[in-house]
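# A closer look at the structure
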Amino acid sequence: MSLAELAAQLKVSVQTIYDLRSKGRGPRGFRVGTQLRFRESEIDAWVQRMELADERRHAGGAS
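Residues numbered from 1 in each chain as written. Predicted model: local features only at pLDDT ≥ 70, side-chain atom pairs only at ≥ 80, totals over all residues. Heavy atoms only, no water.

## Brief notes about the packing of aromatic side chains
This is how the line gets drawn: Geometry of aromatic contacts follows a simple scheme: Phe, Tyr and Trp rings, the Trp one being its six-membered ring, pair when their centres are within 6.5 Å, and the pair is stacked under 30 degrees between planes, edge-to-face over 60, tilted otherwise. By definition, being over a ring means that NZ of Lys or CZ of Arg is both within 6 Å of the ring centre and within 35 degrees of the ring normal.
Scanning the model with the defined rule gives zero aromatic pairs in all. Above the ring of Phe-30, the side-chain terminus of Arg-39 is found at 5.5 Å from the ring centroid.

Encoded structure:
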């Protein structure tokens, strides 16, 4: 999947994906020539990690 396709799927800007990756919080990708690409399996795993982290954050704040 291309960077633009990933951004469109997540309804965020391409810059948001770049920013997340620069902070070590984005999906793992690889280059094909100069183009950044992402495997569907890596995107799914990354989204799952984000969901789990969000659940932990919210569960930790519950009283």
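## Some thoughts on the packing of helix H1 (residues 3–10) against helix H2 (residues 14–22)
Basically, it comes down to this: Note on geometry: axes are C-alpha line fits, over the in-contact stretch for helices, and angles between N-to-C directions span 0 to 180 degrees. The helix count covers DSSP runs of H or I at least four residues long, the strand count covers runs of E at least two residues long, and both are numbered beginning at the N terminus. Throughout this description, any angle smaller than 35 degrees is read as roughly parallel, any larger than 145 degrees as roughly antiparallel, any in the 65 to 115 degree range as roughly perpendicular, and the remainder as oblique. It only takes one pair of heavy atoms within 4.5 Å for two residues to be counted as in contact.
Two elements in contact, H1 and H2, have axes separated by 8 Å at closest approach and are oriented at 100°. Accordingly, the angle class assigned to the pair H1 and H2 is roughly perpendicular. In this structure, H1 contributes Leu-3, Ala-4, Leu-6, Ala-7 and Leu-10 to the contact, and H2 contributes Val-14, Ile-17 and Tyr-18.

## Examining the nonpolar core
Generally speaking, a soluble globular protein has its nonpolar side chains buried in company with each other. Filter applied, for reference: In plain words, nonpolar cores are sets of buried Ala, Val, Leu, Ile, Met, Phe, Trp, Tyr and Cys residues tied together by side-chain atoms within 4.5 Å. Classification of residues uses two cut-offs on accessible area relative to the type maximum, computed with a 1.4 Å probe and protein chains only: under 20% is buried, over 50% is exposed, and between them is partly exposed.
Membership of the largest hydrophobic core is limited to seven residues, which are Leu-3, Leu-6, Ala-7, Ile-17, Leu-36, Phe-38 and Ile-43. Residue contacts for Leu-36: discarding those within four places in its chain leaves Met-1, Ser-2, Leu-3, Tyr-18, Arg-21, Gly-29, Phe-30 and Arg-31.

## Quick word on the UniProt feature "domain: Helix-turn-helix" (unreviewed entry) in the protein
Applicable threshold: UniProt positions are given in the numbering used here, feature names are shortened, and annotations may be inferred rather than shown by experiment.
UniProt marks residues 1–49 with the feature "domain: Helix-turn-helix" (unreviewed entry), using the numbering shown here. Secondary structure content for residues 1–49 is 55% helix and 12% strand, while the C-alpha to C-alpha distance between its ends is 19 Å.

## Points about the side chain of Ser-2
Relative to the helices and strands, Ser-2 resides in the segment before H1. On the basis of relative accessible area, Ser-2 is assigned to the buried category, the value being 15%. Those residues in contact with Ser-2 that sit more than four places away from it in its chain are Leu-36, Arg-37 and Phe-38.

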